[in-house]
Amino acid sequence: DRTRAEGAVNPAVHHASTLLFDEPDDLYGKPIKTYALEGMAVQEALRDALTAIEGGAGATLTPSGLAACTLALLTMAKDGGEVLVTDSVYGPTRRFCDTMLKRLGVRTRYFDPRIGAGIAALLSEDSAGVFLESPGSCTFEIQDVPAIAAAARARNVPVAIDNTWSAGVFFKPFEHGADLSVQALTKYQAGHSDAFMGAVLAADPAWNARVRAAYKQLGLGAAPDDAYLVLRGLRTMGVRLERQSASALAIAHWLAARPQVARVMHPALESCPDHAIWKRDFSGASGLFAFELTPQPQMRIRQMLQSLSLFGMGFSWGGYESLAAPMNKNIMRTATSWAPQGEVIRLSVGLEHVDDLLADLERALSVL
Ligand SMILES: *Cc1c(COP(=O)(O)O)cnc(C)c1O
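## Some details on the nonpolar core
One recurring pattern in soluble globular proteins is that nonpolar side chains are buried together.
At step 1: The biggest cluster of nonpolar side chains holds 55 residues, and the ones touching the most others in it are Leu46, Leu50 and Val130.
At step 2: Going through the elements one at a time, α1 (41–54), β1 (58–62), β4 (127–133), α4 (145–154), β5 (159–162), β7 (198–202), α6 (224–256) and β9 (288–293) are the ones with two or more residues in this core.
At step 3: A total of 6 residues in this core trace back to one element, the largest contributor, which is α6.
At step 4: For leucine 46, the residues in contact, after removing those within four places along its chain, are Leu61, Leu185, Met197, Ala227, Val230, Leu231 and Leu234.
At step 5: Val264, Phe289, Met304 and Leu357 belong to the second largest nonpolar core, which has 27 residues in total.

Quick look at the structure:
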């Protein structure tokens, strides 16, 4: 087994660019790896582990989660084509579509995340691909992936989904008709807020080969030490998710009963509009959700956030430590409207004791 070094449980981490060969013929035309940019034992072990978790024919690693989003889009893009992107997509993915894809002559059409089978009306000869994200960034709409994928398949249009929220554990895109699945491994897989990485998983060998080709053409790679950190994170991801999922659900229920909270956006809550689809397609929920405050003066919201002591304020999520951040400035919509009355606060629930987290939130909300 090439991934085992002298009996060690974990694969070796090779710091390599050049690979040496004895035969000149081996350098050319053989189906063997000739350059370490393709990834060595530790990257191979990580790719295999990701495929074992989420399914599919293979995984390709990228230096960040955003690079995995853009790699999936570039793999599907075609000259003069149009990509259909959910209006609830991760902001930087939207920026890539609106700037670089546009400059390359690929149009983007945003659609209502709750469009379901209605996507059929938007599909055309020009459709290069559909890009989903479920739940949506910041706002947590659950998409009807089977209905969207069935409509796309009928027109031979590929479907990619940013599946970061589920960590590949709670939702299996390839069982619901997607061709590509994107993971920001920076989140739950790395799990310790100390590394960037992403992955694009493919449903079948043909799509895996297309992603792989685009990856090599773009010169992407994933650093061995970072791959080691993500692989190490994966060893405990299951138990971390159990804890974070349970704490987040308890906090979501608690928040739903607070007078300062207008609504809670957590798909496992029956009050959420997409709860039925979540229940049908997901096996659980991770530790990221949001709630909307009742209308409050900005000064009060600032005081509330600053009075949190266990929840840090910052971007990214999925780490061991809890985070809280205001999201209204981050919510972009062009195909639908989003007009919250109050500020939306996103929580990434970490590994701290849930009672301590609740006490922290109770203290902060009392400021309002
Ligand atoms: C964070 C995130 C990304 C990007 O991951 P980075 O590693 O931070 O680039 C992509 N999609 C979603 C849904 C994310 O939350």
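## A look at unusual backbone geometry
At step 1: Of note, the amide linkage connecting serine 134 to proline 135 takes the cis form, showing an omega dihedral of -5°.
At step 2: Within the element layout of this structure, proline 135 appears in the loop between β4 and α4.
At step 3: A positive phi angle, near 75°, is found at cysteine 138, a position not held by glycine.
At step 4: Checked against the element boundaries, cysteine 138 lands in the loop between β4 and α4.
At step 5: Residue classification places cysteine 138 among the buried residues on the basis of a relative accessible area of 7%.
At step 6: For serine 316, which is not a glycine, the phi torsion comes out positive at approximately 70°.
At step 7: Assignment of secondary structure puts serine 316 in the loop between α8 (298–306) and β10 (323–326).

## Regarding the site of the ligand
At step 1: By nearness alone, 13 residues border the ligand, and Gly65, Leu66, Asp162, Thr186 and Lys187 come closest of all.
At step 2: Between the ligand and leucine 66, the relevant distance is 2.9 Å, taken from an oxygen atom to a main-chain nitrogen or oxygen of the residue.
At step 3: A distance of 3.0 Å is found between an oxygen atom of the ligand and a side-chain nitrogen or oxygen belonging to tryptophan 317.
At step 4: Within the complex, 91% of the 380 Å² of free accessible area of the ligand lies under protein.
At step 5: When residues of the shell around the ligand are assigned to their parent elements, the largest contribution, 3 residues, is made by helix α2 (residues 65–76).
At step 6: Broken down by class, the residue content of the shell around the ligand amounts to 6 nonpolar, 4 polar and 3 charged.

Parameters and conventions
Residues numbered from 1 in each chain as written. Predicted model: local features only at pLDDT ≥ 70, side-chain atom pairs only at ≥ 80, totals over all residues. Heavy atoms only, no water. Core = buried A, V, L, I, M, F, W, Y, C linked by side-chain atoms within 4.5 Å. Buried < 20%, exposed > 50% of the residue type's maximum accessible area, 1.4 Å probe, protein only. Helix = DSSP H or I, 4+ residues; strand = E, 2+ residues; numbered from the N terminus. Contact = heavy atoms within 4.5 Å. Near = heavy atom within 4 Å. Polar contact = N/O pair within 3.5 Å; in protein donor to acceptor, adjacent residues only side chain to side chain. Areas by Shrake-Rupley, 256 points an atom, 1.4 Å probe, with all protein chains shown as cover. Nonpolar A, V, L, I, M, F, W, Y, C, P; charged D, E, K, R; others polar.

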